[in-house]
Amino acid sequence: MMTVLRIASLLLALTVITPRLAAAQADPAAPANSAAPAAAQAGDDDPDRDFNRSQPDFTVVNLPTTLRLPKFKSAFRVTHRFGRPLGQGDFGELAEDLFGLDSGAQIGLEYRFGLMRGLQAGIHRTSDRTIEFFTQYSLLQQADHGFGLGVIASIDGTNNFKDSYTPMIGVAVSRELGKYGAIYVEPMWVNNSNLLPSELVDHNDTIMIGVGARIRVRPTVYVVGEYVPRSGNTPGVNHGTFGIEKVAGGHTFQLNFSDGFGTTMGQLARGGTASDNWYLGFNISRKFF
Amino acid sequence: MRFRVLMLLVGAAVFAGTAACDEALSDLTGPTPNLEPTFSSIQQEILNTTDSSGRPACINCHNGNPFVPGNFTGANAYNALVNARSFEKPNLVRVAPGDADNSYMVHKLEGGPNIVGERMPRGGGPFLTSGQMLVIRKWIADGAPNN
């Protein structure tokens, strides 16, 4: 019964998404990649295309921001979380391993698309063969309400979306601090966060309240941080991360330090590895508008 | 407004279809797809019967035979396991309610380093799978009720 429901719901989602994708491909007005996101392009009055100094990217590190993706535009992101614990060995050994870059990494590839104004959807795959589908709808904007509010939802599945489905629904609330960054509070409910059958576990859901911030310290340089306290099924440690990033053209380069490898919401619900292990990582994102 | 309502309905439909995602216990328990973390199920699926892996039933030997400790047949089984002192390791009980790690039955079935004699079932396997052991561990963790 549940399999039928899952297939039906995915088909329903595809019927909504597919015509939009087709329309986007047929849109002759879609410009080629631009390296000048700082201003809206001539002739385009969509304010979503304006560069937002407070929210230059669609994620803080892993948590979504409330930045709107313009209609029929897209963005790409690469994530790396290197596997070498930074606390392992002395500084010389760490330097010999180039601070973890010599070790393997959990790599994520992500693509998101603006289905229509305020609505975006995307796919994120990590190298442990987890695939996450996500969507976000911008309900309120700070210009009108004093804060931004987006409804966020995702579902990830292990083994290339064949096993252990973990859906999430939540909201992302943001408050921009002038041109100096933004802070975020993101309560989320993650179902089936435990990979074992519910008959064998005490908790199969996780409530998370993600908090994050991005602070602009130089004209194109930001420091970022996230912490995700949880209740319910809470293996590992609460996800925490901080980093520094540079915005250059349509790119954002971010170097981060995390206590786990998770980048999908299901992975965040399952926690980091251990409290005394931190790992080097980076995100690179590119806006195609 | 109409769009928002539509999106809400789509979202609700998608979420309703996935919100009850869960792994099937039968996928985990392999050769005993009906195994559940209850004593009656464990008795039926593990103690009393063999399974498709060829693992022998426990009561093939633990049946009141005076040369084999523990009579796990029928109504004897629960009291012979739960809070029953181990013959081989008298400082441990076979099943310690709420404490699978200190239950000698778990040690014997998993082949722990401190066991006396052979890992069970004797004869070198097939042994219980990790999924079957998770079910037994869950029953013990829940207090090993006679359910």
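Residues numbered from 1 in each chain as written. Chains lettered and ligands numbered in written order. Predicted model: local features only at pLDDT ≥ 70, side-chain atom pairs only at ≥ 80, totals over all residues.

### A closer look at the overall build of chain B
Regarding its fold elements, chain B presents six helices and zero strands. For chain B, the α and β elements follow one another from N to C terminus as α-α-α-α-α-α. By residue count, 31% of the 147 residues in chain B fall in the buried class. The contacts of chain B with a sequence gap of at least 6 include a subset with a gap of at least 24, amounting to 43%. (Helix = DSSP H or I, 4+ residues; strand = E, 2+ residues; numbered from the N terminus. Buried ≥ 20, exposed ≤ 12 C-beta atoms within 10 Å, placed from the backbone. Contact = placed C-beta atoms within 7 Å.)

### Focus on the environment of G104 of chain A
Of note, G104 of chain A is situated in the loop between α2 (91-96) and β2 (105-116). Residues G104 of chain A and Y227 of chain A lie 123 residues apart in sequence; the distance between their C-alpha atoms is 24 Å.

### Description of the pairing of strand β1 (residues 74-85) of chain A
Residues and elements named next belong to chain A. Bridge analysis of β1 against β2 gives nine bridges, and the strand direction is antiparallel. Counted as the bridge partner of A75 is R112 from β2. Pairing analysis gives nine bridges linking β1 to strand β13 (residues 279-288), with the strands arranged antiparallel. By the bridge assignment for β13, R81 is matched with G281. (Pairing = 2+ DSSP bridges.)

### A short note on the pairing of strand β6 (residues 163-176) of chain A
Residue and element names in this part refer to chain A. Across 10 bridges, strand β5 (residues 148-157) lies against β6 in antiparallel orientation. Each residue of the ladder has a partner; that of L149, found in β6, is V173. What sits between the antiparallel neighbours β6 and strand β7 (residues 181-190) is a turn of four residues, in which G178 has the positive phi angle 60°.

### Considering helix α6 (residues 130-141) of chain B
Residue and element names in this part refer to chain B. Counted at 1.5 Å a residue, the expected span for α6 with its 12 residues is 16 Å, and the 16 Å between its end C-alpha atoms agrees. For α6, every residue scored as buried is listed here: Q132, L134, V135, I136, K138, W139 and I140. Taken together, the buried residues of α6 touch α2 (25-28), α3 (39-47) and α5 (104-110). Immediately downstream of α6, the backbone of G143 shows phi near 105°, a positive value. (Expected span 1.5 Å × (residues − 1).)

### Digging into the nonpolar core
If you look at soluble globular proteins, the nonpolar side chains tend to sit buried side by side. If you look at the biggest cluster of nonpolar residues, it comprises 28 residues, and the most contacted ones within it are M168, V190, M208 and M265 of chain A. Among the elements of the structure, β2, β3 (119-126), β4 (130-140), β5, β6, β7, β9 (221-228) and α5 (265-269) of chain A are those that each provide at least two residues to this core. Each residue touching M265 of chain A, except ones within four places of it in the same chain, is listed here: S154, D156, M168, M188 and V190 of chain A. The next biggest cluster of nonpolar side chains, apart from the first, holds 23 residues, and it includes C58, I59, F72 and V82 of chain B. (Core = buried A, V, L, I, M, F, W, Y, C linked by C-beta atoms within 7 Å.)

### Here's the deal with the confidence of the model for chain B
Here chain B averages 87 in pLDDT, and 86% of its residues register 70 or above. If you check the scores for this complex, the pTM reads 0.78 and the ipTM reads 0.76. (pLDDT = per-residue confidence, 0-100.)

### Notes on the confidence of the model for chain A
On average, residues of chain A score 85 in pLDDT, and 84% of them reach the 70 mark or higher. Across residues 1-43 of chain A, where pLDDT falls below 50, the model places 46 contacts with residues more than four positions away in sequence or in other chains.

### A few points about the environment of L25 of chain B
Inspection of the secondary structure puts L25 of chain B in helix α2. Here L25 of chain B falls in the buried class, since 21 other C-beta atoms lie within 10 Å of it. C-alpha separation for the pair L25 of chain B and N91 of chain B, spaced 66 residues apart in sequence, amounts to 34 Å. Residues within four places of L25 of chain B in sequence aside, it is in contact with P197 and E199 of chain A together with E36 of chain B.

### Quick notes on unusual backbone geometry
Residues and elements named next belong to chain B. Of note, the bond from M120 into P121 is cis; its omega dihedral lies within 30 degrees of zero at -10°. The omega torsion of the bond from G125 to P126 falls at 5°, within 30 degrees of zero and hence cis. Along the chain, the position of P126 falls in the loop between α5 and α6. A positive phi angle, close to 50°, is found at A144, a residue other than glycine. Mapped onto the elements of the fold, A144 is located in the segment after α6. Judged by C-beta crowding, with 24 C-beta atoms within 10 Å, A144 ranks as buried.

### Here we look at the environment of F133 of chain A
Residue and element names in this part refer to chain A. As for its position among the elements, F133 is in strand β4. Taking the C-beta count within 10 Å as the criterion, F133 has 21 such neighbours and is therefore assigned buried. Once the C-alpha coordinates of F133 and I155 are considered, the two residues, 22 residues apart in sequence, prove to be 5.5 Å apart. The contact partners of F133, leaving out residues within four places of it in the chain, are I123, S154 and I155.

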